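Geometric and topological summary
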Amino acid sequence: MASLRIEGVQIVGIVNAVPDRIRTQEDDAARFGVEEMQRVVKNTGVTRRSVADYLCTSDLCYAAATRLLEVTGWAKDSIDAVILVTQTPDYPSPATACLLQHRLGLAPSVAAFDINLGCSGYTYGLWVVASLLAAGKLKRALLLAGDVVSRAAAPTDRAVVPLFGDAGSATALECRADAPPMVFEMGTNGSGGIHLHTLAGAAKHPIREIDLLERKRKDGVVRSNQHTYMNGAEVLTFAMVGVPPMIEALRTAAGWTPADIDYYVFHQASRFMLKNIGRILRISPTGKQLVIGLEGYGNTSSASIPLAMNDQLTELTTTRRKIVMAGFGIGWSWCAVAIEMMPIIMPDILRVPDVLHPGEFESLPDHEFVNPSDV
Amino acid sequence: MTKTKFYETIDDILELPIGTIKGDEALSTLPWDSLAVVNYIATCNGLFGVVLKGDRVKETKSIGELVALVAGHVED
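These figures come from a predicted structure and were not determined experimentally.

**Description of the overall build of chain B**
Scanning chain B from terminus to terminus reveals 4 helices and 0 strands. What you see in chain B, going N to C, is helices and strands ordered as α-α-α-α. Along the first, second and third principal axes, the C-alpha atoms of chain B reach 25 × 25 × 15 Å. Here chain B holds 76 residues, and the buried ones make up 45% of them. Partitioning the intrachain contacts of chain B with sequence separation of at least 6 by distance along the chain shows that 54% fall at a separation of at least 24. In the form shown here, chain B has an accessible surface area of approximately 3900 Å², with 51% of it arising from carbon and sulfur atoms. Of the side chains in chain B, 7 bear a positive and 12 a negative charge, and the two mean positions are spaced by 5 Å.

**Quick word on the overall build of chain A**
Secondary structure assignment for chain A yields 8 helices and 17 strands. The C-alpha radius of gyration of chain A comes to 20 Å, within 12% of the 21 Å expected for a compact globule of 375 residues. Once the C-alpha set of chain A is aligned to its principal axes, its extents read approximately 65 × 50 × 35 Å. When burial is assessed residue by residue, chain A has 55% of its 375 residues classed as buried. For chain A, long-range pairs separated by at least 24 residues make up 80% of all intrachain contacts whose partners lie at least 6 apart in sequence. Taking the 34 positively charged and 39 negatively charged side chains of chain A as two groups, their mean positions are separated by 7 Å.

**Overview of the interface of chain A and chain B**
Size of an interface: often given as the accessible area lost when the parts come together. Taken together, the contact pairs 19 residues of chain A with 18 residues of chain B. A buried area of about 1500 Å², summed over both sides, lies between chain A and chain B, and 53% of it is on carbon and sulfur atoms. The tally of links between chain A and chain B comes to 4 salt bridges. Where A:R158 meets B:D33, a salt bridge forms, and the shortest distance between an N and an O atom there is 3.1 Å. Our enumeration of links across chain A and chain B arrives at 13 residue pairs in polar contact (both at pLDDT 80 or more). For the side of chain A that touches chain B, the elements supplying multiple residues, two or more each, are α2 (34-44), α6 (232-254) and α7 (271-280) of chain A.

**Some points on the layout of surface pockets**
Put simply, the second largest pocket is a space of about 930 Å³. Taken together, 42 residues line the second largest pocket, and the ones lying closest to its centre are A:A159, A:M230, A:G232, A:A233 and B:S34. Contributing elements (two or more residues each) for the lining of the second largest pocket: α2, β12 (222-223), β13 (228-230), α6, α7 and β15 (321-329) of chain A together with α2 (34-48) of chain B. Sorting elements by how many residues they give to the lining of the second largest pocket places α6(A) first, with 6 residues. Broken down by class, the residue content of the lining of the second largest pocket amounts to 24 nonpolar, 11 polar and 7 charged.

**Side note on the environment of A:S131**
With respect to the helices and strands, A:S131 occurs in helix α5 (residues 121-134). Judged by its relative accessible area of 28%, A:S131 is partly exposed.

**Considerations on the side chain of B:T60**
Residue and element names in this part refer to chain B. Looking at where T60 falls in the secondary structure, it is placed in the loop between α3 (54-59) and α4 (63-68). Within the structure, the side chain of T60 is placed 2.7 Å from the backbone oxygen of V57, a separation counted as a polar contact. In contact with T60, other than residues within four places in its own chain, are L27, W32, E65, L66 and L69.

**A closer look at the sheet that holds strand β7 (residues 140-147) of chain A**
Residues and elements named next belong to chain A. Taken together, the 6 strands give an open sheet; going across it, the order is β6-β5-β7-β8-β2-β17, and neighbouring strands pair in mixed fashion. Each edge of the open sheet carries a strand with a single partner, namely β6 (111-115) and β17 (350-352). Strand-to-strand twist of the sheet, defined as the mean angle between neighbouring strand axes without regard to direction, takes the value 20°. Where strand β2 (residues 9-19) and β17 come together, 3 bridges link them in parallel fashion.

**Focus on the pattern of salt bridges**
All names here are of chain A. Counting across every chain of the model gives 21 salt bridges over all chains. The closest approach of N and O atoms between E174 and R140, which form a salt bridge, is 2.9 Å. Taken together, the residues span a long stretch of sequence, with E174 in strand β8 (residues 167-175) and R140 in strand β7 at a distance of 34 residues. Judged by its relative accessible area of 21%, R140 falls in the partly exposed class. Across the salt bridge formed by R176 and E174, the nearest N and O atoms sit 2.7 Å from each other. Here the salt bridges do not stand alone but share partners, grouping R21, R23, D53 and D354 into one network.

**Thoughts on the packing of aromatic side chains**
Residue and element names in this part refer to chain A. Following the criterion strictly, the structure yields 8 aromatic pairs over all chains and no others. Here Y91 and F361 contribute two aromatic rings whose centre-to-centre distance is 4.5 Å and whose plane-to-plane angle is 35°, an arrangement assigned as tilted. Taken together, the residues span a long stretch of sequence, with Y91 in the loop between β5 (81-85) and α4 (96-104) and F361 in the segment after β17 at a distance of 270 residues. For Y91, a relative accessible area of 19% puts it in the buried group.

Conventions used here
Residues numbered from 1 in each chain as written. Chains lettered and ligands numbered in written order. Predicted model: local features only at pLDDT ≥ 70, side-chain atom pairs only at ≥ 80, totals over all residues. Heavy atoms only, no water. Helix = DSSP H or I, 4+ residues; strand = E, 2+ residues; numbered from the N terminus. Buried < 20%, exposed > 50% of the residue type's maximum accessible area, 1.4 Å probe, protein only. Contact = heavy atoms within 4.5 Å. Areas by Shrake-Rupley, 256 points an atom, 1.4 Å probe, with all protein chains shown as cover. Lys, Arg positive; Asp, Glu negative; His and termini not counted. Charge placed at Lys NZ, Arg CZ, Asp CG, Glu CD. Rg over C-alpha atoms; globule rule 2.2 N^0.38 Å. Buried area = accessible area lost by both parts, 1.4 Å probe. Salt bridge = Lys/Arg side-chain N within 4 Å of Asp/Glu carboxyl O. Polar contact = N/O pair within 3.5 Å; in protein donor to acceptor, adjacent residues only side chain to side chain. 1 Å grid on protein atoms, 1.4 Å probe; cavity = no way out; pocket = protein on both sides within 12 Å on 5 of 7 lines; lining within 4 Å. Points joined across faces, edges and corners; volume = space filled by probe spheres on them. Nonpolar A, V, L, I, M, F, W, Y, C, P; charged D, E, K, R; others polar. Pairing = 2+ DSSP bridges. Axes fitted to C-alpha atoms, helices over the stretch in contact; angles between N-to-C directions. Phe/Tyr/Trp six-rings, centres within 6.5 Å; stacked < 30°, edge-to-face > 60°.

Shown next as structure tokens:
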């Protein structure tokens, strides 16, 4: 496990955006049954979710980034880098961050690339962006973290559908000599990839006709090979084994005692998962130290940490706080950071109309069939 | 923990009346599903400090096999 300390970089602001389309526990009960949904919600803590039928990751992150530039007052030509963390890019290629550089009107001198991570992605993204800024050449960067994971859920998968929501976030970071240090702890165990993945859609398993078929599998779930596969029991085992030692190592590396920490903001996997990790770490179950902010949004993958802060910790706009953030999951991948956050700019969560924003590529004349009757 | 007390814990996980589980049941006759699996793993961790492998718990077919996973923590 690697431990890293970064000086002179500060989080200035955070904006989150979610689709305005809401799916409630009652909506899910129509498919899964009222009593079953009561059991599910008792576990997940998710009573409603913001979901995108049409919006893409880029649309949500664009809305968040646009608002972030407004509230920070940052000029577009002052941005040196835009990094997007997502597992649901708009297209297989090119990187969605490149599309967003253009759409946001950022300068051609901007560095832009995607990072393919999910549940661990926000904290990994903070590490990458903070490292870039700390290297000394770049001054300001936007970290975008977002996913539309609900669109990859098999419609009848009771373990996945009622849990996942969609969101995009934008975080402004800049070099400031007096910024408190950020201390990171991270690691990877790729043997866990088998327990949480999407089978089809890239080079190892290109999409064929058979991959589109929704068929009942041996685990009892009806899904296609384009849908998300999740072994919830193994995810829980991984989290219970992997997260507490990471947090303990982070606290040691940061020189923080448990009492020093104002808030733990973990990836919002599910209330059940958070409570169990909190129990192992001996975080008071009745206190406010363990932040749970997924009830109205669901598990939003890479956006869940900034979204939970926005939902639960509005005091961050006025008060200096010691925060431990931890992302963990698909990969297996994990990354935690200890940050003493100065007051940040964090306006209300944006609700973005769930409408189609046509891409530019589809209308490219070169894509037209030479003979339309070939269809 | 005694077996009787542990069976009551499983009753609780499965939301069954206390005293339902006798120890010889097949899981296929009980409301044993993915939610029960994760609840069982978390409960055993809370009670005994063990972290059971998810797939090991998923593969079990009976209450007896479930109890065997925490052998040493449950007395006759």
